[in-house]
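Spelled out, the chains give:
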Amino acid sequence: MSRRNYVGGEDWRRDAIFIAISIAVIIATIIILIRSGLAGARYEAPKHPLYLVLSELIYVTQLSLIGIRLSIIFNRGGMGYKIRSTELIKVVTAQTFASLLMPGFYIGGEAVSIAYLTFKGLPTTRATEGITFRYTVDTITLTSIVLILYLFNLVIIPYIALIIALILLMAYAILFITIVSARLGKYIEHMFRFINSRIKIIRNFILMNENEDYGLKLSLVDYFVLFLVSITQWLLSGLNVMLIFYSFGVHIGIITGILISSSYTILTYISVLPGSAGIGGELANLYVLNSLKLGNYYLAYDIWFRIITYIVPLIMLMPAFLSISRKLTMINTNHRNPPSR
């Protein structure tokens, strides 16, 4: 019992320190941008706080949509493994918490999701295949939205975001084909078997079956729903941004909101330092807002964007993450300290 409390205490301190460092990185980056003259120091208090509350509720709704997509992939994808909704909710919350802390948009959350699904009995190879497929679908819909906005000349797309979107679309389209055709699953198995043979401690967290049947066996209806839910999430992300601006009394359209949120996501796929998207997140927000002639609202928008999509979610999701990380830590502890006979 004391060992369990010790592990839990260490987890709490570790995550609290990481959150503090992340917030410090965000604040320091904002100060540097303002002091250097790249960003304005103008701040306006929200005139309509109710919009901020609605924005937070939309963010939580987006998390539930992730659970729906995972349910379709794992429970209807022909994997032969049924995962309860409660477990998928735990996966989503812990995954989001880890992704917010780790540099880059998805790094960290993937590892937690795969490790926990393995802990619940899903082969590590299939868990990796399913989680990767969900990100693949999201990236394809995200980049397609940006390219459609550009092709139909609905808004002005920042050129850097446009180029990265095109590259990501081509890369993930190929990845989509390899997953559906079962090739990626086989590559993942070979990779895990190699790692398993080289790193002893990893064996505690890798579960594989012989002659596993890879690939997804979704119906056309399943694919349609999967992509529709993904598109809905990005639309809600744009609505989230629009409501933040509405709270300042600045009325932007939903299309502009989608552009800001999608460009931010694309520009922070690769980032450095902790703090959700790290330093790149602050630069991305500044770059996109300046491109849209909204640079004067950078400070106010960035502060509330961080509160709604970073600080509040970290507080809400920490208990779920601590619960899962404690279980995963105990797996390793039990393997290293087997019970006496």
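Caption draft 1: Molecular detail of the overall build of the protein. When you go through the protein residue by residue, the secondary structure sums to 11 helices and 0 strands. Scanning the protein from its N terminus toward the C terminus, one meets helices and strands in the order α-α-α-α-α-α-α-α-α-α-α. Counting the 341 residues in the protein, one finds 53% classified as buried. Contacts in the protein between residues at least 24 apart in sequence constitute 77% of all its contacts with a sequence separation of at least 6. Split by element, the accessible area of the protein, about 16300 Å² in all, is 69% carbon and sulfur.

Caption draft 2: Representation of the packing of helix α2 (residues 49-76) against helix α8 (residues 220-247). Relative to each other, α2 and α8 sit at 165°, their axes nearing to 9 Å. When the axis of α2 is compared with that of α8, the two are roughly antiparallel. Handedness of the crossing formed by α2 with α8: left-handed. Among the residues forming the contact of α2 with α8, the class breakdown is 18 nonpolar, 9 polar and 3 charged.

Caption draft 3: Fine view of the nonpolar core. Judged by nonpolar contacts, the single largest core of 92 residues is most densely connected at Phe 133, Phe 245, Ile 260 and Tyr 301. At 13 residues, the largest contribution of residues to this core is made by helix α11 (residues 298-336). Judged by nonpolar contacts, the second largest core, of 5 residues, contains Ile 58, Leu 65, Leu 236 and Leu 243.

Caption draft 4: Examining the environment of Leu 207 more closely. Within the element layout of this structure, Leu 207 appears in the loop between α7 (183-198) and α8. Leu 207 gets classed as partly exposed once you look at its relative accessible area, which sits at 33%. The residues contacting Leu 207, other than those within four sequence positions of it, are Thr 118, Gly 121, Leu 122, Pro 123, Thr 124 and Thr 125.

Caption draft 5: A look at the packing of aromatic side chains. Taken as a whole and assessed by the stated rule, the structure comprises 11 aromatic pairs. Geometrically, the ring pair formed by Tyr 51 and Tyr 246 is edge-to-face, given 5.5 Å between the ring centres and 90° between the ring planes. In this pair, Tyr 51 sits in helix α2 while Tyr 246 sits in helix α8, placing the two residues 195 residues apart along the sequence. The class of Tyr 246 is buried, set by a relative accessible area of 18%. Where Tyr 264 meets Phe 305, the ring centres are 5.0 Å apart and the plane angle is 75°; that geometry is what we call edge-to-face. Of the two residues, Tyr 264 is situated in helix α9 (residues 254-267) and Phe 305 in helix α11; the sequence distance between them amounts to 41 residues. In terms of burial, Tyr 264 and Phe 305 fall into one category: buried.

Caption draft 6: Quick peek at the environment of Ile 164. One can find Ile 164 in helix α6 (residues 159-180). Looking at Ile 164, the relative accessible area reads 26%, which means it is partly exposed. In this structure the C-alpha to C-alpha distance between Ile 164 and Ser 263, which are 99 residues apart in sequence, comes to 9.4 Å. Non-local contacts of Ile 164, meaning those with residues more than four positions away in its chain, are made with Ile 266 and Leu 267.

Caption draft 7: Up close: helix α3 (residues 85-101). Here α3 is 17 residues long and its end C-alpha atoms lie 25 Å apart, about the 24 Å a rise of 1.5 Å per residue gives. Taking burial as the measure, the 17 residues of α3 include 13 buried ones, the bulk of the element.

Caption draft 8: Seen up close, α8. Counted at 1.5 Å a residue, the expected span for α8 with its 28 residues is 40 Å, and the 41 Å between its end C-alpha atoms agrees. Of the residues trailing α8, Gly 249 is marked for its positive phi of about 85°.

Caption draft 9: Structural view of the pattern of salt bridges. This structure, assessed with the given rule, holds 4 salt bridges. Among the ionic pairs, Asp 138 bridges to Arg 134, the shortest N-O distance being 3.0 Å. One end of the pair, Asp 138, and the other, Arg 134, are both in helix α5 (residues 124-151), 4 residues apart, so they sit about a helical turn from each other. On the basis of relative accessible area, Asp 138 is assigned to the buried category, the value being 1%. Through salt bridges with shared partners, a single network forms among Arg 69, Arg 134 and Asp 138.

Caption draft 10: Examining a nonpolar patch on the surface more closely. A cluster of nonpolar side chains, namely Ile 148, Tyr 150, Leu 151, Phe 152, Leu 154, Ile 254 and Ile 255, defines an oily patch on the protein surface of about 700 Å² accessible area. Among the secondary structure elements, those contributing two or more residues to the nonpolar patch are α5 and α9. At 3 residues, the largest contribution of residues to the nonpolar patch is made by α5. Position of Leu 151 relative to the elements: it lies in helix α5. Take Leu 151: its relative accessible area is 66%, and that puts it in the exposed class.

Caption draft 11: Region of interest: the environment of Gly 238. Within the secondary structure, Gly 238 sits in helix α8. You can call Gly 238 buried: its relative accessible area is 0%. Note: C-alpha distance between Gly 238 and Gly 257 (19 residues apart in sequence) is 4.2 Å. Here Gly 238 is in contact with Ile 254, Gly 257, Ile 258 and Ser 261, once residues within four sequence places are set aside.

Rules used throughout
Residues numbered from 1 in each chain as written. Predicted model: local features only at pLDDT ≥ 70, side-chain atom pairs only at ≥ 80, totals over all residues. Heavy atoms only, no water. Helix = DSSP H or I, 4+ residues; strand = E, 2+ residues; numbered from the N terminus. Buried < 20%, exposed > 50% of the residue type's maximum accessible area, 1.4 Å probe, protein only. Contact = heavy atoms within 4.5 Å. Areas by Shrake-Rupley, 256 points an atom, 1.4 Å probe, with all protein chains shown as cover. Axes fitted to C-alpha atoms, helices over the stretch in contact; angles between N-to-C directions. Parallel < 35°, antiparallel > 145°, perpendicular 65-115°, else oblique. Left-handed = near helix turned anticlockwise from the far one by under 90°. Nonpolar A, V, L, I, M, F, W, Y, C, P; charged D, E, K, R; others polar. Core = buried A, V, L, I, M, F, W, Y, C linked by side-chain atoms within 4.5 Å. Phe/Tyr/Trp six-rings, centres within 6.5 Å; stacked < 30°, edge-to-face > 60°. Expected span 1.5 Å × (residues − 1). Salt bridge = Lys/Arg side-chain N within 4 Å of Asp/Glu carboxyl O. Patch = residues over 30% accessible without salt bridge, like charges linked within 9 Å, V, L, I, M, F, W, Y side chains within 5 Å.

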